[in-house]
Amino acid sequence: MKFTLSWLKDHLDTEAKLEDLLYALTDLGLEVEGVENPEKTLGAFRTCRVIEAQPHPNADRLRLCRVETWPNGPEAASEEVQVVCGAPNARTGLVGVFAPVGTHVPGTGVDLKPGVIRGVESNGMLCSERELMLSDDHDGIIDLPEDTPLGVRLIDLRGLNDPMIDVKVTPNRPDALGIRGIARDLAARGLGVLKPLEITPVAGGFASPVSVTIDAALKAKGCPLFAGRVIRGVKNGPSPDWLQTRLRAIGLRPISALVDITNYFTFALNRPLHVFDVAKLAGGLRIHAAEGGETLQALDGKTYTLRAGQMLISDDRAPQSLAGIMGGELSGCTEETTDVFLESAFWDPITIAATGRALKINSDARYRFERGVDPAFTLPGLELATQMVLDLCGGEASEVVVDGAVPDTARAYRLDPARVVSLVGMDIPEDEQRRTLEALGFTLDGDMASVPSWRPDVLGEADLIEEIARVASLSLLQGKPLPRREAGVPKPILTPLQVREQTARRMLASLGYNECVTYSFIDSEAATLFGGGSDAVRVENPISSEMTHLRPDLLPGLLRAAARNQARGFADMALCEIGPAFHGGEPGEQHLQATGLLVGASAPRDAFGSRRPVDLYDAKADVEAVLAAIGAPARMQITRKVASWWHPGRSGVIGLGPNVLASFGEVHPRILQAMDVKGPAVAFTVMVANVPLPKVKTPTRPALKLADLQAVERDFAFVVDKGVEALTLVNAAQGADKALIESVRVFDQFGGEKAEAQMGAGKKSLAITVRLQPTEKTLTDKDIEAVSAKIVDKVAKATGGTLR
Amino acid sequence: MDGLDALKGKYLEGIAGAADEAALEDLRLAALGKKGEISLKMRELGGMDPVLRQSTGAALNVLKDEIDAALRAKKAALGDAALDERLRSEWLDVTLPGRPRRQGTIHPVSQVMAELTAIFADMGFAVAEGPQVESDWYNFDALNIPPEHPARQEHDTFFMNRAEGDNRPPHVLRTHTSPVQIRAMTEQGAPIRVIAPGRVYRMDMDQTHTPMFHQVEGLAIDRDISMANLKWVLEEFCRAFFEVPSVELRFRASHFPFTEPSAEVDIRCSWEGGQLKIGEGVGWLEILGSGMVHPKVLAAAGVDPTEWQGFAFGMGIDRIAMLKYGIPDLRAFFESDLRWLRHYGFAALDMPDLAGGLSR
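Basis of the calculations
Residues numbered from 1 in each chain as written. Chains lettered and ligands numbered in written order. Predicted model: local features only at pLDDT ≥ 70, side-chain atom pairs only at ≥ 80, totals over all residues. Heavy atoms only, no water. Helix = DSSP H or I, 4+ residues; strand = E, 2+ residues; numbered from the N terminus. Rg over C-alpha atoms; globule rule 2.2 N^0.38 Å. Contact = heavy atoms within 4.5 Å. Lys, Arg positive; Asp, Glu negative; His and termini not counted. Charge placed at Lys NZ, Arg CZ, Asp CG, Glu CD. UniProt positions renumbered as here; feature names shortened; annotations may be inferred. 1 Å grid on protein atoms, 1.4 Å probe; cavity = no way out; pocket = protein on both sides within 12 Å on 5 of 7 lines; lining within 4 Å. Buried < 20%, exposed > 50% of the residue type's maximum accessible area, 1.4 Å probe, protein only. Pairing = 2+ DSSP bridges. Axes fitted to C-alpha atoms, helices over the stretch in contact; angles between N-to-C directions. Domains from an automatic or database assignment. Core = buried A, V, L, I, M, F, W, Y, C linked by side-chain atoms within 4.5 Å. Patch = residues over 30% accessible without salt bridge, like charges linked within 9 Å, V, L, I, M, F, W, Y side chains within 5 Å. Areas by Shrake-Rupley, 256 points an atom, 1.4 Å probe, with all protein chains shown as cover. Salt bridge = Lys/Arg side-chain N within 4 Å of Asp/Glu carboxyl O. Buried area = accessible area lost by both parts, 1.4 Å probe. Points joined across faces, edges and corners; volume = space filled by probe spheres on them.

### A closer look at the overall build of chain B
Here is step 1: Helix and strand content of chain B: twelve helices and ten strands.
Here is step 2: Compactness check: chain B gives a C-alpha radius of gyration of 42 Å against a globular reference of 21 Å for 360 residues, more than 25% above the reference.
Here is step 3: Seen through its principal axes, chain B has C-alpha atoms that stretch 130 × 55 × 45 Å.
Here is step 4: Of the contacts made within chain B by residues no fewer than 6 positions apart, 65% connect residues no fewer than 24 positions apart.
Here is step 5: Of the side-chain charges in chain B, 39 are positive and 53 negative, and the distance between the mean point of each set is 7 Å.

Shown next, in the form of C-alpha cells:
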C-alpha cells in the first residue's frame, strides 16, 4: 500500500517528523517496506538562468553557457558557473534546472564532477526531465517559463516535495488499505489528530435514469447493497495536476478525471467505485449470478468467460461489469462521456475472492473487497465521490438509487483490562486501554466495546487485546522469565524413537557417511523405479517435473545426489540420509528411513593397496552397526526377499519374522543405469521404527559371568554345495551344544574354479572356528571329540556338507 | 690356588672376546657344564681334608659366580648389540599418510535441530512431531485460516492429488509446522510445552527460496503465560543459540491468523564487511514470527481458552543455520554437493549440549 506524506496529512493533522512516522508505522504492524524521499533524490536541483550561450570553440554541437545559479537559495547571492551543454535548446535567457558539481543525477546514475569538455571547463549540468526521472523527455533541457522564480528547488516548484511511503498491510487490516485507516492508527499512537471527514450529501436534481436491482438470491450473500446515481453533463478531460501527481507518486497512471476519481477513493478511503458511461448502457443495471458461459471484455482488454454463480452487473443487453472486480470495456468512460453512472456497492468478500481467483484477476478493487471494505461507508462514499465529480467535471447529480441495505455487522466484545495485562505481560492502565480503543473507532459502553464497521477482522476479545497491545507498542515489552514447570534437574524429553533417529544419524556419520537432506519429492520415473509413483502420492501442482511425487524411499534421492557428484568428478562417496519416506498420500502414511549409499571404491588409492571396489559386505557391516546402535537384537533373520531395486543375488533383508528391519546389498544394475550412476554401488535402508523397543528399560546390566575354566577353540572345514549359506552352517554348528558352544565364526571361504577342481563341481569349502566354554569341569579330549562329532553331524544334516 | 686364578683369567678373557651367543654357550659348558673345568674341581672337593675343602670350596664358589655373572653380562650385551643392529635396518617412512578412513559429517539442518532441542529441553520443552502430508483442516482451518481467507493464498501451498469421486478437500504438504500445535494439544492437552522441528513445503523456488525447507514451531500453554514470557524465552534461546553474551530482540506488531496479538521478532545485529554479528550494531534482522495462541486455535485443539493461554512461535531452521554458521545459499542445503557437505557439515562427535557448549 503506497501513499505520500501530503496525502496522509489530508487525514492526519501532525507535525511529526518523517522518521518518527515511519518507525510508528512499522511498530504498529504496518511494516514500512520502502520510502522514496524526493528531497533526498532531487533536493539539490534548482532553477537557474542562462546568462549567455555561445558556440563551443572546439565543437559544433556543443554550447558554452554562462549560467546564473543560486546554490544557497533565492534569498542568497547568485553565482555564475560555466557549463558546457549539448542540448539543442540551450540558449541565452533560458530558465532551466541546474545541478551543481557533487549532485547525483538519478536518471544517469552519475555523480557530477568538475570536468573539461573539449578543452573547456564545465562545472555542473543543465538537466532534462529524463535525467531527473520526471518523464521520458530528453529532446532538450528543461525549458521553464521566463517568469519562473529563480533559485528555487524544482521539487518545490513542481510540488514534488512529497515522500512516498510503501507499507505492507497484513490481510487482517483492510481498513489500512485506505490512507485514512493508516492515519487513524497513527493518531491512536499519538502522532497527530485524525481530521474529521465532512460529508455533505449532494441533493439530487432529477430521478436517476438508470435503475438498479439485486437478484433476490444475491441479497442475502454476494451483494447486500448496491447504490449509484447518474451525473449528467460532465466534462471528462484530464484530471487536475495535484490529482495526477498523487496518483503518479503511488505508481498509478492518470487516465481521465472520472477514472482518476475512482482510483483516488480506492486509495484514500478504501472505497472502490466504478463509473459507467450512461450513453453505452441499455436500461437499468441488474446484479445477478452468471448462468455460466457469459463473456465480458474487461477494462484490462481481456475477455473473460464466466462460470455459473459468479457475480455480474448487466444492463438489459449484456454483462457490463465483473462485479466488485473489474468493469467492462464496453461501458467504460472515455473523454466523450457526458453522462456517468457512479457505482458504490458492498460485495461479499468470499464471493469476490473465489471469483477473482477463478478468473485470475488481481485488481485493486478485488484486493480490497475480498479483504473487506467498510459497508457503512458505501453511501457516504458515494456522496463524497459525487461532490468530487461535480467539482472536477461539472454536471448535475441525480437522486441516489439503492437496492439492498447496509448489512448489520454490529457486534461488541467485553474488554477485560486485567486479561489484557495478563496476556500481554505489559502494565497498560485501563484508561489507556479504553483511550486506544476509542481512538481506533470503537465505542465503549461500560466494559463492552462495539467494533467499528471498518474492522471486519475484529471478531472477539482477543482482537481487542491485539489492538491495545500494538498501539501500546510491543517494542516496549520487557522479557519475563518463564519458570520451569517443575523445580530441579530437567527430565529427558525425547521419545525413544527420537533418540534412535539421532543415534542412527551419529552412527552413520561416524562410519564415514556424509549426511544429505534431499527433497521429499522426486520425479515420476525414479518414484516408479522404487515402488512409488502412484496417483495417491502425486503432487497436484508440482513446481517442476523433477518434483512430482512423494518419495517412496530415500535411495533414489541419494542416487541422484551420487550422479550429480560423479558429474562433478567425485567417483567415490558415502552418502546417507535420515528422513521420511511416503507409502501413501494420507496424513501419517510416512515412515522414517535411515539410508546409506556407498559408491565407487572403499578408499582412495594409497601406498598400502587399501583401495578396492565397495561390495555387499561393506554395506552389511554398516547396516549391522546402525542396527546395533539403535538397539536391534543380536540375532535376526536374513532372507533374500528383496525389492526390485536390489541385485537379486547380492542383497538381503534383515528381519524378525515378518517384521522387516533393513535391506542391504548391491543396487540393481538397471537402476544404476536409469539413474546415471557409475557403479559399483551398494546401499542399505533401515526402517528405524521397526526395530522393537526394549521390553524392560533399566540401566542395570546383567551380571558378568566370567568362566574360570579354559576355553577351547576348534576349527572345522566343511565341503558344501556352493549355494549353501554360511549362516545355515553356523546356526547348525551353534545348535550342536547350546550350553558348551559359546560362539561360531566363519574364518574362511574357499570357492571358485580352484576349489571345484579340488572338491568337485559345484562345491566350496567353508571353515568355521568353534569356541567351547566349559562351566563345570575342564574339557577332556573325549568331551571335545564328542561335541565335534555332534557339530559335524548337525552341519551334515543341515547343509549336506562333509568334513574336508 | 694358583690354578684357580689362571682358570679365572682364561674364562673371563674368553667371555670378553666371545663373538656370539654360541661361543658364550661353549664357554659356559667348558667352565660350568657337568663336565666343565670348575664342576670337575668341585667334584674333587670330596676328597680333601676339611680345612682345605672349606677354603677351596669357598674360592671355587666365588669363581663360579664370577664367571656366571660375566656370562650373563656378555649375553645381555650381545643381545643389545643384535637389537641395535636390527633396529638400524628397520626404517619406515613416517611421512606416508596413515591408512585411509572416511570422515562422515552431520548435515547443518540436523545439527541445528539438535542444538534447538538441547536449548529448549532445558526450558522444559518436549519435541513433538506431525505428518508432512496434512489435511487441510490441520494445516489451515484449525489454525483459524478458513477456506477463503486471503492468508491461504499467501501460503503457496502444494496440494496432493485427489482421486476422482473423493470429495474431501485435497490434502496439502504442510506449509508450516503449526499444525503440530493442534496435534500436540489434542493428544496431550494443557499445560504443554513443545517444540516441533521439521520439513515444510511452499511452492516457491528462486535465489532465496526452496520448495522444501525446515521450520521449528514452539508452543507453551499454561494458566498465566504472557507475551513477556514469550519474549524472555526467545531472548534466552537466541542468546544460547548464537552463543553471544547478550541479545536484543524487538517485537513488532504483525498478524498471523493463529496468534493474537502477533509479533514479528527482529534481532539486533551488525553487518560489517559482510560478516553478521548478532547482539551488536544498529541493524535489525527479522528472525521469526510469534504471538499468543488465538483462542479459536486452542478451542480447535480441545483446550479451553477461558482457562488456558500461552504463546507460539515459528522460525526457519535453515535460515538460523545460515545466520549462525555463515552459510550463504539456501539452495545448496538440498543439493548434496560433497564439497558443501564436507565444508559445512559437523563431525559425528560434535554433539551439541549445554554443558560443553553448542558448537566447538
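From this point on, the discussion continues.
### As for the UniProt feature "binding site: Mg(2+)" (unreviewed entry) in chain A
Here is step 1: In this structure's numbering, the residues bearing the UniProt feature "binding site: Mg(2+)" (unreviewed entry) are D457, D463, E466 and E467 of chain A. Considering only the residues just annotated, the largest cavity is lined by E466 and E467 of chain A.
Here is step 2: For D463 of chain A, the position within the fold is in helix α14 (residues 461-472).
Here is step 3: With sequence-adjacent residues up to four places away left out, D463 of chain A is seen in contact with D457 and V458 of chain A together with E260 and H294 of chain B.
Here is step 4: Mapped onto the secondary structure, E466 of chain A falls in helix α14.
Here is step 5: By relative accessible area, which is 4% here, E466 of chain A ends up buried.
Here is step 6: Discounting residues that sit within four places of it in the chain, E466 of chain A has contacts with N172 of chain A together with S254, T259, E260, P261 and S262 of chain B.

### Let's talk about the sheet that holds strand β13 (residues 164-168) of chain A
Residue and element names in this part refer to chain A.
Here is step 1: Ordered in space as β1-β13-β3, the three strands form an open sheet in which the pairing is antiparallel. Lying at the two open borders of the sheet, with one neighbouring strand each, are β1 (2-4) and β3 (31-36). Recorded for the sheet is a direction-independent mean angle of 25° between the axes of neighbouring strands.
Here is step 2: Bridging between β1 and β13 involves three bridges; their strand directions are antiparallel.

### Some remarks on the sheet that holds strand β15 (residues 212-214) of chain A
Sheet strands associate in pairs through backbone hydrogen bonding, adopting either a parallel or an antiparallel arrangement.
Residue and element names in this part refer to chain A.
Here is step 1: Ordered by their spatial adjacency, five strands build an open sheet running β15-β18-β21-β22-β23, and the pairing between neighbours is mixed. Lying at the two open borders of the sheet, with one neighbouring strand each, are β15 and β23 (326-327).
Here is step 2: The pairing of strand β18 (residues 285-289) with strand β21 (residues 311-314) spans four bridges and is classified as antiparallel. Paired with R286 across the two strands is S314, which belongs to β21.

### With respect to the domain arrangement of chain A
Here is step 1: We note that the domain assignment places domain 1 (2-37 + 163-194), domain 2 (40-157), domain 3 (212-404), domain 4 (412-473), domain 5 (496-690) and domain 6 (712-803) within chain A.
Here is step 2: Look at where the C-alpha atoms of domain 2 of chain A and domain 5 of chain A centre, and you get two points 71 Å apart.

### Quick look at the nonpolar core
Here is step 1: Grouped together as the largest cluster of nonpolar side chains are 172 residues, with contacts concentrated most on L8, I182, L186, L559 and L597 of chain A together with F237 and F311 of chain B.
Here is step 2: Take this core: its biggest share by element is ten residues, from helix α9 (residues 227-242) of chain B.
Here is step 3: Core analysis: the second largest hydrophobic core is formed by 37 residues, F226, A298, W347 and L359 of chain A among them.

### Focus on a positive patch on the surface
Residues and elements named next belong to chain A.
Here is step 1: Side chains of R635, K738, K790 and K794 sit close together on the surface and give a patch of like positive charge.
Here is step 2: Position of K738 relative to the elements: it lies in the loop between α20 (726-734) and β40 (741-750).
Here is step 3: K738 gets classed as exposed once you look at its relative accessible area, which sits at 71%.

### Thoughts on the interface of chain A and chain B
Here is step 1: The interface is formed by 97 residues belonging to chain A together with 100 residues belonging to chain B.
Here is step 2: Around 8000 Å² of area is buried between chain A and chain B when both sides are counted, 57% of it from carbon and sulfur atoms.
Here is step 3: Ranking the residues of chain A by area buried against chain B places L482, R506 and V517 of chain A at the top, with a combined share of 10%.
Here is step 4: Summed over the shared surface of chain A and chain B, the result is six salt bridges.

### With respect to empty space enclosed by the protein
The gaps of empty space that remain are located by a probe, the size of a water molecule, rolled over the atoms.
Here is step 1: Scanning the model with the defined rule gives one cavity of 30 Å³ or more in all.
Here is step 2: Of the pockets and cavities examined, the largest cavity occupies roughly 60 Å³.
Here is step 3: Every residue lining the largest cavity is listed: L28, G29, T170, N172, R173, E466, E467 and R470 of chain A together with A253, S254 and H255 of chain B.
Here is step 4: If you list the elements that add at least two residues to the lining of the largest cavity, you get α14 of chain A together with β6 (249-256) of chain B.

### Points about the UniProt feature "domain: FDX-ACB" (unreviewed entry) in chain A
Here is step 1: UniProt feature "domain: FDX-ACB" (unreviewed entry): in the numbering of this structure it lies at residues 707-804 of chain A.
Here is step 2: Taken end to end, residues 707-804 of chain A is 36% helix and 33% strand, and its first and last C-alpha atoms sit 32 Å apart.

### Considerations on the UniProt feature "binding site: Mg(2+)" (unreviewed entry) in chain B
Here is step 1: Sequence positions flagged by UniProt for "binding site: Mg(2+)" (unreviewed entry) are, in local numbering, E260 of chain B.
Here is step 2: Counting through the fold element by element, E260 of chain B comes out in strand β7 (residues 259-272).
Here is step 3: Using a relative accessible area of 5% as the deciding quantity, one classes E260 of chain B as buried.
Here is step 4: Leave out the neighbours within four places in its chain, and E260 of chain B touches L423, A462, D463 and E466 of chain A together with M292 and H294 of chain B.

### Some words on the domain arrangement of chain B
Here is step 1: Considered domain by domain, chain B is made up of domain 1 (2-89) and domain 2 (106-347).
Here is step 2: Placing the centre of domain 1 of chain B and that of domain 2 of chain B at their C-alpha centroids yields a distance of 90 Å.

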